[in-house]
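# Per-entry structural report
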There are 2 protein chains.
Amino acid sequence: MTKHDKRDARETLRGAGFRATKPRLLLFSLLEKSRAPLPIHDIAARLQRHSVDQVTVYRMIDAFMRAGLVREVNFQGQRPRYELVDIEHDHHHIVCTKCHKIEDFVGCDSERLEEKALEQSHFQKITGHSFDLYGLCDTCAK
Amino acid sequence: MTKHDKRDARETLRGAGFRATKPRLLLFSLLEKSRAPLPIHDIAARLQRHSVDQVTVYRMIDAFMRAGLVREVNFQGQRPRYELVDIEHDHHHIVCTKCHKIEDFVGCDSERLEEKALEQSHFQKITGHSFDLYGLCDTCAK
DNA sequence: GTGAATGCAAAAACTTTGCATACGC
DNA sequence: GCGTATGCAAAGTTTTTGCATTCAC
């Protein structure tokens, strides 16, 4: 993590009305470095080395979600995972059903489907969506 | 639940290699009648009136999932829900972010997206997908 | 200095496991 | 009758709550 990243994290936190505490900066850094969304368990395990309590992880994730900094992702048969929200690089996930490897992909044009759904349902407005694929990665398909 | 339904449930269970026990028939009936997928908590609460234990609910759901009779559905910030698999009437869900009402919609042509994802990723094969919408229902949008 | 945020302890909620009994076949 | 499936008890996990202390501002 570079100085630049650290300053960004600080600013983002402050901007969202948070104090830039050590546990929060560590969580930010961890999520930034992680290629895949992480479950609470993993986050807590890694931050424990820095004396951050599990309870603090729950509270930080909750606060970040409310502030729109973090997003929850749910995969079949797994506990919820969390990742930083990156508006400019929206993406979806593809999960290997065998080894649970996760990769990203972009280009889910859900607009058409949202329209369809509005016609079919008693809903007025769509505010979000989730779209995930399951399959076999190179290694597991062999 | 009609006699006809009951016979169907029996046959489906037997066909999947299960004994048609009272708790299983009750679970089947409950899921059949339910318009939305149900969380364990709800299922257990309703079957408790018929002296079915919570542990049995966990075990039945697990067994039915392995057998492909039941599918798990995950919504943001909620515990997993379960619904009967109905191959002929595949559908997706639209969830109200305010009152948590759930409706179905059909017509998610994911083939194109699956192709795109395969090109972008190191995956060989897509075996499934999940697609859910979030929004405001008629009542909550007012 | 002040109040938001944290750590620690404890409680609550959720899920799994073990085993004796019941019941579908 | 045989063996799967269940209920009950108990253990194991995960998540939430309370409160005194710490630390960012």
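Check the entry above for the structure.
Residues numbered from 1 in each chain as written. Chains lettered and ligands numbered in written order. Predicted model: local features only at pLDDT ≥ 70, side-chain atom pairs only at ≥ 80, totals over all residues. Heavy atoms only, no water.

## Re the protein's contact with DNA strand C
In the region of DNA strand C, 18 residues are neighbours, and Arg19, Ser51, Thr56 and Arg59 of chain A together with Tyr58 of chain B sit closest. Within 4 Å of the protein, atoms of DNA strand C come from sugar and phosphate in 64% of cases. Contact distances for DNA strand C include 2.9 Å between a phosphate oxygen and a side-chain N or O atom of Arg24 of chain A. Arg19 of chain B places a side-chain nitrogen or oxygen 3.0 Å from a base nitrogen of DNA strand C. (Near = heavy atom within 4 Å. Polar contact = N/O pair within 3.5 Å; in protein donor to acceptor, adjacent residues only side chain to side chain.)

## Quick look at the pattern of salt bridges
Between side chains of opposite charge, pairing is possible as soon as their charged atoms come close. One pass over the structure, following the stated rule, counts eight salt bridges over all chains. Where Arg66 of chain A meets Asp62 of chain A, a salt bridge forms, and the shortest distance between an N and an O atom there is 3.1 Å. Here the residue Arg66 of chain A and the residue Asp62 of chain A both occupy positions in helix H4 (residues 54–66), the gap between them amounting to four residues, near one helical turn. The class for Arg66 of chain A is exposed, based on a relative accessible area of 69%. When the shortest N-O distance is used, the salt bridge between Asp109 of chain B and Arg112 of chain A registers 4.0 Å. Placement of the pair is Asp109 of chain B in the loop between strand E5 (102–105) and helix H5 (111–120) and Arg112 of chain A in helix H5 (residues 111–120), with the two residues belonging to separate chains. (Salt bridge = Lys/Arg side-chain N within 4 Å of Asp/Glu carboxyl O. Helix = DSSP H or I, 4+ residues; strand = E, 2+ residues; numbered from the N terminus. Buried < 20%, exposed > 50% of the residue type's maximum accessible area, 1.4 Å probe, protein only.)

## Some details on the environment of Glu32 of chain A
Residue and element names in this part refer to chain A. For Glu32, the location among the structural elements is in helix H2 (residues 22–33). Take Glu32: its relative accessible area is 38%, and that puts it in the partly exposed class. The spatial distance from the C-alpha of Glu32 to the C-alpha of Ile43 is 12 Å, given a sequence separation of 11 residues.

## Side note on the packing of H2 of chain A against H4 of chain A
Residue and element names in this part refer to chain A. One can describe the packing of H2 onto H4 by two numbers: an axis separation of 11 Å at closest approach and a directional angle of 70 degrees. The angle between H2 and H4 places the two elements in the roughly perpendicular class. Note on element contacts: H4 touches H2 through Thr56, Met60, Ile61 and Phe64, opposite Pro23, Arg24, Leu27 and Phe28. Grouping the constituent residues of the contact of H2 with H4 by class yields six nonpolar, one polar and one charged. (Axes fitted to C-alpha atoms, helices over the stretch in contact; angles between N-to-C directions. Parallel < 35°, antiparallel > 145°, perpendicular 65-115°, else oblique. Contact = heavy atoms within 4.5 Å. Nonpolar A, V, L, I, M, F, W, Y, C, P; charged D, E, K, R; others polar.)

## Considering helix H2 (residues 22–33) of chain B
Taking 1.5 Å of rise per residue, the 12 residues of H2 of chain B would be expected to cover 16 Å, and the 17 Å separating its terminal C-alpha atoms lies within 8% of that figure. All buried positions along H2 of chain B are accounted for by Arg24, Leu25, Leu27, Phe28, Ser29, Leu30 and Leu31 of chain B. (Expected span 1.5 Å × (residues − 1).)

## Points about the relation of the copies chain B and chain A
In screw terms, the move from chain B to chain A is a rotation of 179 degrees and a rise of 0.1 Å along the axis, fitting with an RMSD of 0.1 Å. Within this description, the copies of the chain are treated as partners about a two-fold rotation axis. Considering only C-alpha atoms, the residue of chain B closest to the rotation axis is Phe131 of chain B, which sits at 2.2 Å. With an isologous cut-off of 70% or more, the 100% of interface residues of chain B that recur at the interface of chain A puts this contact in the isologous class. (Least-squares fit on C-alpha atoms with pLDDT ≥ 70 in both.)

## Observations concerning H5 of chain A
Of all the residues in H5 of chain A, the buried ones are Leu113, Glu114 and Ala117 of chain A. All buried residues of H5 of chain A lie within an arc of 100 degrees about the axis, which places them on one face of the element. Among the exposed residues of H5 of chain A, those pointing more than 90 degrees away from its buried face are Glu111, Glu115 and Glu119 of chain A. The inward-facing, buried residues of H5 of chain A contact strand E6 (123–137) of chain A together with strand E4 (92–96), E5 and strand E6 (123–137) of chain B. (Arc of directions from axis to C-beta.)

## A short note on the layout of surface pockets
Roughly 1,300 Å³ of volume is contained in the largest pocket. Around the largest pocket, the lining comprises 48 residues; the ones closest to its centre are Asn74 and Ser130 of chain A together with Asn74, Ser130 and Asp132 of chain B. Looking at side-chain class alone, the lining of the largest pocket contains 13 nonpolar, 24 polar and 11 charged residues. In this structure, the second largest pocket occupies an estimated 570 Å³ of space. Of the residues assigned to the lining of the second largest pocket, the class counts are seven nonpolar, eight polar and four charged. (1 Å grid on protein atoms, 1.4 Å probe; cavity = no way out; pocket = protein on both sides within 12 Å on 5 of 7 lines; lining within 4 Å. Points joined across faces, edges and corners; volume = space filled by probe spheres on them.)

## Describing the interface of chain B and chain A
With 42 residues of chain B at the contact, the number on the chain A side is 42 residues. Overall, the association of chain B and chain A removes approximately 3,800 Å² of surface from exposure, summing both partners, and the carbon and sulfur fraction of that is 55%. Looking only at chain B, the three residues that lose the most surface to chain A are Leu113, Phe123 and Phe131 of chain B, adding up to 16% of its buried area. Counting across the chain B and chain A interface gives two salt bridges. Between the two partners, chain B and chain A, sit 24 residue pairs in polar contact (both at pLDDT 80 or more). Going through the elements one at a time, E4, E5, H5, E6 and helix H6 (138–141) of chain B are the ones with two or more residues in the side of chain B that touches chain A. Per-element tally for the side of chain B that touches chain A: the top contributor is E6 of chain B, with 15 residues. The class makeup of the residues in the side of chain B that touches chain A is 17 nonpolar, 15 polar and 10 charged. Of the pairings in the sheet, the one linking E6 of chain A to E6 of chain B comprises 13 bridges and is antiparallel in character. (Buried area = accessible area lost by both parts, 1.4 Å probe. Pairing = 2+ DSSP bridges.)

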